[in-house]
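# A closer look at the structure
Below, each chain spelled out in residue letters.
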Amino acid sequence: MPNTGPDRALPVHVAVGVVADGARVLIARRPSGKHMGGLLEFPGGKVDPGESVRAALVRELAEEVGLEADPVGMEPLIQIEHDYGDKSVLLDVWRVRDFKGVPRGLEGQPVNWMRVEDLNDTDFPVANRPIIRALRLPPEWLVTGESDDVGQISRNLALALSVRSRSGLLLRQPQLAVEAYLRLAHEVLPLCKAHGIPLMLHGGPSLLQVLPEAAGIHLPQSVVRQLPDVRSAKGTPSSIQQGFVPASEARPVAAGKWLGVSCHSPAELAHAALIGADYATLSPLNPTSSHPEREPLGWDSFRGWVRAARCPVYAMGGVGLRDIPSSIGHGGQGIAGISHWWR
Ligand SMILES: Nc1nc2c([nH]c(=O)n2[C@H]2C[C@H](O)[C@@H](COP(=O)(O)OP(=O)(O)OP(=O)(O)O)O2)c(=O)[nH]1
Ligand SMILES: [Mg+2]
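Reading guide: rules and limits
- Residues numbered from 1 in each chain as written.
- Chains lettered and ligands numbered in written order.
- Predicted model: local features only at pLDDT ≥ 70, side-chain atom pairs only at ≥ 80, totals over all residues.
- Heavy atoms only, no water.
- UniProt positions renumbered as here; feature names shortened; annotations may be inferred.
- Domains from an automatic or database assignment.
- Buried area = accessible area lost by both parts, 1.4 Å probe.
- Salt bridge = Lys/Arg side-chain N within 4 Å of Asp/Glu carboxyl O.
- Polar contact = N/O pair within 3.5 Å; in protein donor to acceptor, adjacent residues only side chain to side chain.
- Buried < 20%, exposed > 50% of the residue type's maximum accessible area, 1.4 Å probe, protein only.
- Helix = DSSP H or I, 4+ residues; strand = E, 2+ residues; numbered from the N terminus.
- Pairing = 2+ DSSP bridges.

The protein chain carries the name 8-oxo-dGTP diphosphatase in an unreviewed UniProt entry, which gives Hydrocarboniclastica marina as its organism. According to UniProt, the comment filed for the protein chain under the heading Sequence similarities (unreviewed entry) is "Belongs to the Nudix hydrolase family." Quoted verbatim from the Cofactor (unreviewed entry) heading of the UniProt record, the comment on the protein chain is "Mg(2+)".

Now the structure itself:
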């Protein structure tokens, strides 16, 4: 039965560690009988009163899987607030790359190294979905400036990727008619393949039917406003309060494809999560010449809005490569932008 008592609003603060060994991450199975028992998890546990999250994580990793983690080398990955109905949690998720020891399940639980691409949403508690997204998504989206010249895109891409290890391309050309946009996208796709980076299409979900090899669709708010009203969908009112709507009802693209949404407010971030977004961009972080009328957010507001968001969020607008650590430090996934790479 859902907990409607006075302590319901207080989420349990949980320190969660994504312990990484190269491309693999450490997974455990939650002991049956515990909350979410039997499901897979990233090791971790409740933060004790007065304890820092890093200290809690060091303690939990030692107690649960016998690893000695270095708190200095931990990096914030994502924070997720989730209400399970019977219990509400704040998962404070950190990447742990510096550790000593060989993991073993000290509470009798099976532990395993798994490749990030092999993780299955449904094997984990539902609150973990944004964690899996955050692990798969790049730290940067290269958003194209206005152009229908594949040569220009190719040159810019080659130059940009010579100084980066992980990025994706967001082909944004709102000035082009759909046919011209798709022609360009057909030419850009092999470039992205050759560089081994994902290509996100920008516009309506139907673009993906014409170009199914693209990684996914990034929706501007003008398209979001045309989607069916999630609130009128069958049986969703209570789900909306919990911030979870089954993807089958609201998500406008197939499960294996990425769905991104351009957002500018907490309400738009909340709606993005309702339609099953894998990530959102949040703008403008800084003043920009493209939207001088929009009030810049700054990192403090960014941090607050991102904390309540239910998917990874990129800072966008007047940001550059050196802002990736700032974004991550303020709870974001990284950055998205045009001006810092486009010539
Ligand atoms: N550790 C961990 N907890 C998760 C994950 N996803 C998720 O929803 N949770 C929830 C389940 C629990 O309600 C809560 C964590 O509690 P826990 O049972 O791990 O706490 P703990 O290690 O301190 O265990 P205990 O002392 O209560 O036995 O967070 C995850 O990936 N890892
Ligand atoms: Mg635990």
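For the rest of this paragraph, the subject is the domain arrangement of the protein chain. The domain architecture assigned to the protein chain consists of domain 1 (6-127) and domain 2 (140-337). One C-alpha centre belongs to domain 1, the other to domain 2; they are set 28 Å apart. Roughly 940 Å² of surface becomes buried between domain 1 and domain 2 when both sides are summed, with 48% attributable to carbon and sulfur atoms. Looking only at domain 1, the three residues that lose the most surface to domain 2 are Ile-78, Gln-79 and Glu-81, adding up to 43% of its buried area. Scanning the region where domain 1 abuts domain 2 turns up one salt bridge. The salt bridge partner of Arg-307 is Glu-81, with a shortest N-O separation of 3.6 Å. Taken together, the connections running from domain 1 to domain 2 amount to one residue pair in polar contact (both at pLDDT 80 or more).

This part takes up the pairing of strand 13 (residues 216-219). By the alternation rule, side chains of strand 13 split into Gly-216 and His-218 and Ile-217 and Leu-219, which are all buried. In the sheet, strand 12 (residues 199-202) pairs with strand 13 via three bridges, with the strands oriented parallel. Paired with Met-200 across the bridge in strand 13 is Gly-216. Taken together, the four bridges between strand 13 and strand 14 (residues 258-263) define a ladder with parallel strand orientation. From the neighbouring strand, Ile-217 faces strand 14, where its bridge partner is Leu-259.

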